[in-house]
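# Overview (structure and organization)
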Amino acid sequence: MSELIPITTPLREFKGHENQVNVVTVFPNKKRMVTGSHDKTLRLWDLKTGILLKKMEGHCGRVLSLAVSRDGQLIASGDTDSVLIVWHGATGEALTQPIEVHSNWINSLDFSPDRTVLAISCSWDNTTKLWNTKTWEQQGDPIMCGRTVNCIQYSPSGKRLAVATNDNIEIYNPDTTPGHVAFFKAHTSWNLFLTWTPNGARILTGGDNLDPTIREWDTTTWKQVGDPWTGHTRYIRSIAVNPTGTLVVSSSYDNDVRLWQLSDRRTIAIFKYSSIVNCVTFSVNGNYILGGGEDGVVSEWALPQDISSKACITTAREACMHEDLSTSEELFTQDINTDPNYHASYAHRSKASVTTARIACINGDLFTAEELLTQDINTDPSNHSSYAHRSFVMARRHNWDHAFRDAIKSISIKPSLTGYISKAIALCGQGHVRNARAAFDVASIYTDQNPQTIHFLLLIKVIAFFNADQYDEANLLLKELVFGCPNADTRACHIVEAYLCVQLGLKALDDARHDEAADHFTAALNSDALSSESDIHDIYEDLVVLFGWDLKSLWRTAHQKNCYALLRAGKLQDAVKSYRYMMASSDENTKAHYLDWSDGKFFTEECSALCITGGDAALAAGKYDGAIDLYSAAIDLDSASDVVFANRSKARSEKMLWEGALLDAQKVTKLNPSSHVGHQLAHTALCGAQRYDEAIEAFTIMLSKLDDAPEAQIRNLRQQYVCPSEAEDAIRSAVWIELENAPLRLLNTSTGLLCDRAAQINSFKMSPEYNDLVSFATKDSNLRMERIKDVVATYFRCVLLSHRWEEAEVLLDDIQNKDLRELNGLGGIAKLQSFCKVARDAGYRWAWMDTCCIDKKSNTELQESVNSMFVWYRHSALTIVYLCDVPPLSQRGALARSVWNKRGWTFQEFVAPKVVIFYQKDWSLYLDDRSPNHKESPAIMKELEDAMGIDARALVTFRPGMSDARQRLQWASSRITTLQEDIAYSLFGIFGVHLPVIYGEKKQNALGRLLQEIVARSGDITVLNWIGQPSEFNSCLPAHITSYATPPCTLPSLSEDQIQTTISSLRKNPVAVDLASGLYERLDNTSAARFANCRLHLPCMAFRVTEVNLSYGSSQETRYEVKADGLHDLLITTKEPIVQFSQTKPTQQTFVLVRPWDRSLLELPDFTDLQDDTESEGEYLTPPSSPSDNSPGHSLVKQEVDDLELRAFRLLVRLGQPFGAFLLARQHGGEYKRVASDRDIIAQVADVASDRDLMNVRTIEIL
């Protein structure tokens, strides 16, 4: 091809702008043009005269973008100040005030084809917004594009919106949310411009300096078609396509405007500008190019003559197709006047009648078409084209013989593509398929080997064979066309495929094969070629002419028949979905048609009834999605009673679709204002949406509706509801019950504030949980439900810290009225902050730390805190143990060695809570044990068992109370505290006692008060079993808790057989019988040990000491030979001498050895023990063991002992066994003091059968 010579002289120029022209748009009526400029104005021009009609002012920024609605009624303009102005298309007057619609430049605008929406894009905020042209308000959320937006444009059908961003071309369906359809990388760098071809089959895009090409994209596959269009050397500024879709014009910063032929992507003309060309477009008739540049001038260029004439003919042909014959004549005349020697125009004008006949075929008026073509044949019998077209008409009328004769006549006059196509179609109609194949083969000779023509010929062959019932051959050929022709119009293939599917569906439907019919219709609808407002009728009108296809209603027919087929096939859900999709995807006119179609017909009524019935069943079965769909379908079908809306509201509430449920509830109220149901449903939805004030209001209205209901049955429903104040009372009660076992002050881990009890309650009242409860507890039955308790318990769950106090601990004053999160994180503050973070991350709102959450200045609060500490830890949701001396990555054994494991308070802090987790110095998990409760970790519990010497099961199942008091004291005997009194105070919770806290008292006094309480409440004398120094509080109590470190001496015991043997022997001795009976009766009437004013009143059997002799052995120990009435002589061995026996002169003091009385020896059930643990906490219902559970022989008694005599003998036998004795010294006032020893004193009755000293049972007062 020879090199093109640039055209440098425009036909005319439009001058008036004072700065560069950025955008040019031509009105659909071909008569006017509007331009926008850097000079901040728009100008309206008369295209015929070139006169400036109006200067449109109002912008304060440079005008960058323009759009004219397709009816020419509206003009929209956008500027660099993000301002939009809308103008009247006819007068140029502003219809709106300046509207700020974006945050930066508005660089692209486009009206939807129906003018209802204006799309607006901003270059820098990466969004495209859709504005309603009636309200001029934003419609929906912005479309968030990937990068800077450069250009936007609706497709010709309006069903797609294309967006060019720096990175990609993005395609959206503006009618759906989300509407993203496709995106693809068009150019190697930025995508600066895009436009659709008039038929919507292609998108053309332009790139920047790095890729100054135009690229063509198939809109069904979004794949590139052919190679890039090259020619421009700098980035593409604008692209336009002429009305017939045959020519493309583009402008660039290289000062060139290029004219391209779309079919082969070839440059056919170049227009050279003197400056950069910012914008370019075609005139409506396609004969002229209009462009604006940096020189502020709009230039009009005429297309080269041969190109212009072809464009004119194409446009005239379109006028004929729209039955605008006067315009067609005008265009042909115009072209003749331009070039009298251009024969094509004469030929086209002479064939206007053929074109009119074609239009009649398209409109289905076959009689008129036949008459017109017959007139043309009569006028010119040698016109082969008229015969061929009449053959098509006769084929449409199924007059196959006439069609065949006309086809043969056409070919005989002049063999042509049209003639052989008509012959092949006629032969197919006659059933001569083999001959038709031959005719199609010959027709291919006259295609000039044009691929597009060949492709369309083969499509006609597919349709003709299909109509001849050659389905398999037709489908095979169609598939080959789709996959075997890379440059073919694949959209045409898909349209034909869809149409054939519809035809197969109709055949199946006629034969009552409903499932098969539905499959065919669904396949057609799934085709990318169909849309609710498809322009395929115009694009593929030849198919309409040849076969009478109704392409305009193809989509509609497929949907209607699909709904019918699915309904008849029993696929109700699918039928509903198909109907809803059909309605949602349709414009208003199409929807009106569907309503006409369904109104009064079986589909609406039957489908509605089935939908409601199915919805009720789905709702009852808990299939809420299905219920919503079915009720929605019924509502869409205008079967919308208040019951349907009510049921859909219920289903939506179950799916937590609160807004939809509320709208349905409001609809129920509107349809049935006197009913309480709508307000009840609104209450439920508003509660779910956490709009609690409105929910309470709706609930109150509901109660009034119930009160005012005329039906007694409805009024009676009021009795099951309570007013909100009653609900609040129930919640308040639950809160106080929950807080009764919680610390007085807690740290809010979310706010960082220390909260007292009032602040905690106020926080709860401000929470969604509280409002939800108030709204929930509306029925009387709900007040008795566990939900209130559960919600309150969950909200107030708290985490407590167990730790070893360090030097710089944070105190109450350090955090009072301060946000903990904002404090300097050093020392104790850092520990507290880390603790709260761990608690918050674990999902807990409240936390407690003993250093800073107790007001130690308040004696009352301190008292309550110490006495409640065990209960607080017991009721904590989690206790975190912080091991400050265990470094990260420590191995097993570090916990056992930690100082935490030796402190007094930490013992109860571990055994009290149910859930404990250990953290190392850096707040990482000990041993990286990620189990939810380290009390259930075998490795950790084994380590603690070995370290404490306490069985792991006892640690885990520990309950507070008096049972096993001696053993619990032994567990605590190795613990230490900083303050000496705390060794006793830290055990208050262990034993479940509440005693005054008196810091400053002596350690012996604090421990004595605790032991005194244990003995007084339980009568358990095992706590008197110790060795060491006596207490100043009472000589029967130890001075130090370490006195319990040594376990009690284990004494020998008789087996059950030995007991029975001894009893048999005693029965033979009358003295023993009397002794046993009297002794049993006396001991049964003896009370338990008790304390009064630090004096122990100890019931016991007393044996007077008659002689004490000091003896020496080879060891360092001191031995005392002791004689006492009724006892075997005994030897007391000690490491330290007994002071009372070390005087130089014999003492005159009276000594007795006593056996403390233990009522368990009576072998009676002790019911008082069942209450031992429950006194401290109601939840501990497991009865404790008797204080003497470990006494000799007790566990061997398997049978119930009912016989009094037998029990008396058993008592006598057991009294004869060795026992632990106390040595008491009588004081001047007649009281006694215990003589302490560092060894156990073991004594035994000399002759149990005759020793009357056993009867010396008395209560001795011990100081």
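It should be emphasised that the depicted structure is a prediction, and the values quoted were computed from it without experimental measurement.

### With respect to the overall build of the protein
For the protein, the count of helices and strands is 44 helices and 44 strands. Out of the 1263 residues belonging to the protein, those deemed buried represent 53%. Across the protein, contacts joining residues at least 24 apart in sequence account for 56% of those joining residues at least 6 apart. Here the protein has roughly 56400 Å² of accessible surface; of this, 49% comes from carbon and sulfur atoms.

### Some thoughts on the pairing of strand β37 (residues 1118–1124)
Because side chains alternate across β37, one face comprises the buried residues Thr-1118, Tyr-1120, Val-1122 and Ala-1124, and the other comprises Arg-1119, Glu-1121 and Lys-1123, none of which is buried. Alignment of strand β36 (residues 1095–1112) against β37, held across seven bridges, turns out to be antiparallel. In the sheet register, Glu-1107 faces β37, and the bridge partner there is Lys-1123. Here five bridges tie β37 to strand β38 (residues 1130–1134), and the two strands are oriented antiparallel to one another. Pairing of Thr-1118 across the sheet is with Thr-1134, part of β38.

### Describing the UniProt feature "repeat: WD" (unreviewed entry) in the protein
In the numbering adopted here, UniProt assigns the feature "repeat: WD" (unreviewed entry) to residues 14–55, 56–97, 99–135, 229–270 and 270–301. End C-alpha atoms of residues 270–301 are separated by 11 Å, and the span's content is 0% helix alongside 59% strand.

### Quick look at the pattern of salt bridges
Counted by the stated rule, this structure contains 49 salt bridges. For Asp-264, the salt bridge identified is with Arg-266, shortest N-O distance 3.1 Å. Residue classification places Asp-264 among the partly exposed residues on the basis of a relative accessible area of 36%. Judged by relative accessible area, Arg-266 falls into the partly exposed class, the value being 32%. Note that Lys-857 is salt-bridged to Asp-813, the shortest N-O span being 3.2 Å. On the criterion of sequence distance, the pair formed by Lys-857 in the loop between β32 (846–848) and α33 (859–874) and Asp-813 in helix α31 (residues 812–815) is long-range, its members being 44 residues apart. Asp-813 shares its class with Lys-857; the two are exposed.

### Considering the packing of helix α24 (residues 692–707) against helix α28 (residues 768–776)
In contact at an axis separation of 10 Å, α24 and α28 are set at 5 degrees when each is read in the N-to-C sense. By the criterion of interaxial angle, the relationship of α24 to α28 is roughly parallel. Where α24 approaches α28, its residues Tyr-692, Ala-695 and Ile-696 are matched on the opposing element by Pro-768, Asn-771, Asp-772, Val-774 and Ser-775.

### Observations regarding empty space enclosed by the protein
Across all of its chains, the model carries three cavities of 30 Å³ or more by this definition. Counted as a void, the second largest cavity has a volume near 40 Å³. Lining of the second largest cavity is provided by Arg-966, Asn-1025, Trp-1026, Ile-1027, Ser-1043, Thr-1046, Pro-1047, Pro-1048, Cys-1049 and Asp-1240.

### Re unusual backbone geometry
Unlike most non-glycine residues, Trp-923 shows phi in positive territory, near 65 degrees. Note that Trp-923 resides in the loop between β34 (916–919) and α36 (938–948). One non-glycine residue, Leu-927, adopts positive backbone phi at about 60 degrees. Position of Leu-927 relative to the elements: it lies in the loop between β34 and α36. Take Leu-927: its relative accessible area is 29%, and that puts it in the partly exposed class.

### Section: the sheet that holds strand β18 (residues 180–184)
Each strand in a sheet pairs with its neighbour through backbone hydrogen bonds, running either in the same direction (parallel) or in the opposite one (antiparallel). Taken in spatial order, the four strands line up as β15-β16-β17-β18 in an open sheet, and their pairing is antiparallel. The sheet is open, and its two borders are formed by β15 (149–154) and β18, each paired with just one other strand. Averaged over all pairs of adjacent strands, the angle between their axes in this sheet comes to 15 degrees, without regard to strand direction. The pairing of strand β17 (residues 169–172) with β18 spans four bridges and is antiparallel. Bridge pairing in β18 places Ile-169 opposite Phe-184.

### Digging into the packing of aromatic side chains
Evaluated as defined, the whole model comprises 31 aromatic pairs. Arranged with centres 6.3 Å apart and planes meeting at 65 degrees, the rings of Tyr-795 and Trp-846 form a pair that is edge-to-face. On the criterion of sequence distance, the pair formed by Tyr-795 in helix α30 (residues 786–795) and Trp-846 in strand β32 is long-range, its members being 51 residues apart. Each member of the pair Tyr-795 and Trp-846 is classed as buried. Joined through ring pairs, the aromatic side chains of Phe-764, Tyr-770, Tyr-795, Phe-796 and Trp-846 make up one cluster. Over the ring of Phe-27 we find Arg-32; its NZ or CZ atom is 4.2 Å from the centre of that ring. Of note, Arg-1234 hangs over the ring of Trp-1026, and the distance from its end group to the ring centre comes to 4.4 Å.

### Some thoughts on the confidence of the model for the protein
In low-pLDDT regions, the fine details of the predicted coordinates are not to be read closely. Averaged over all residues, the pLDDT of the protein equals 85, while 88% of them reach at least 70. Confidence scores differ between elements of the protein, with helix α3 (residues 343–350) showing the lowest mean pLDDT of 42 and β34 the highest of 98. The model gives residues 320–329 a pLDDT under 50, and that stretch makes 18 contacts with residues more than four places away or in other chains. Contacts of residues 1168–1202 to residues separated by more than four positions or lying in other chains number 66 contacts, the stretch itself having pLDDT below 50.

### Details of the sheet that holds strand β3 (residues 32–37)
In space, the four strands of this open sheet follow the order β2-β3-β4-β5, with antiparallel pairing throughout. Both outer strands of the open sheet, β2 (21–26) and β5 (52–57), are each paired with one neighbouring strand and no more. Shown here is a sheet whose adjacent strand axes are inclined to one another by a mean of 20 degrees, direction ignored. As paired strands, β3 and strand β4 (residues 41–46) are joined by five bridges and run antiparallel to one another. Counterpart to Met-33 in the pairing with β4 is Trp-45.

What counts and how
Residues numbered from 1 in each chain as written. Predicted model: local features only at pLDDT ≥ 70, side-chain atom pairs only at ≥ 80, totals over all residues. Heavy atoms only, no water. Helix = DSSP H or I, 4+ residues; strand = E, 2+ residues; numbered from the N terminus. Buried < 20%, exposed > 50% of the residue type's maximum accessible area, 1.4 Å probe, protein only. Contact = heavy atoms within 4.5 Å. Areas by Shrake-Rupley, 256 points an atom, 1.4 Å probe, with all protein chains shown as cover. Pairing = 2+ DSSP bridges. UniProt positions renumbered as here; feature names shortened; annotations may be inferred. Salt bridge = Lys/Arg side-chain N within 4 Å of Asp/Glu carboxyl O. Axes fitted to C-alpha atoms, helices over the stretch in contact; angles between N-to-C directions. Parallel < 35°, antiparallel > 145°, perpendicular 65-115°, else oblique. 1 Å grid on protein atoms, 1.4 Å probe; cavity = no way out; pocket = protein on both sides within 12 Å on 5 of 7 lines; lining within 4 Å. Points joined across faces, edges and corners; volume = space filled by probe spheres on them. Phe/Tyr/Trp six-rings, centres within 6.5 Å; stacked < 30°, edge-to-face > 60°. Lys NZ or Arg CZ within 6 Å of the ring centre and 35° of its normal. pLDDT = per-residue confidence, 0-100.

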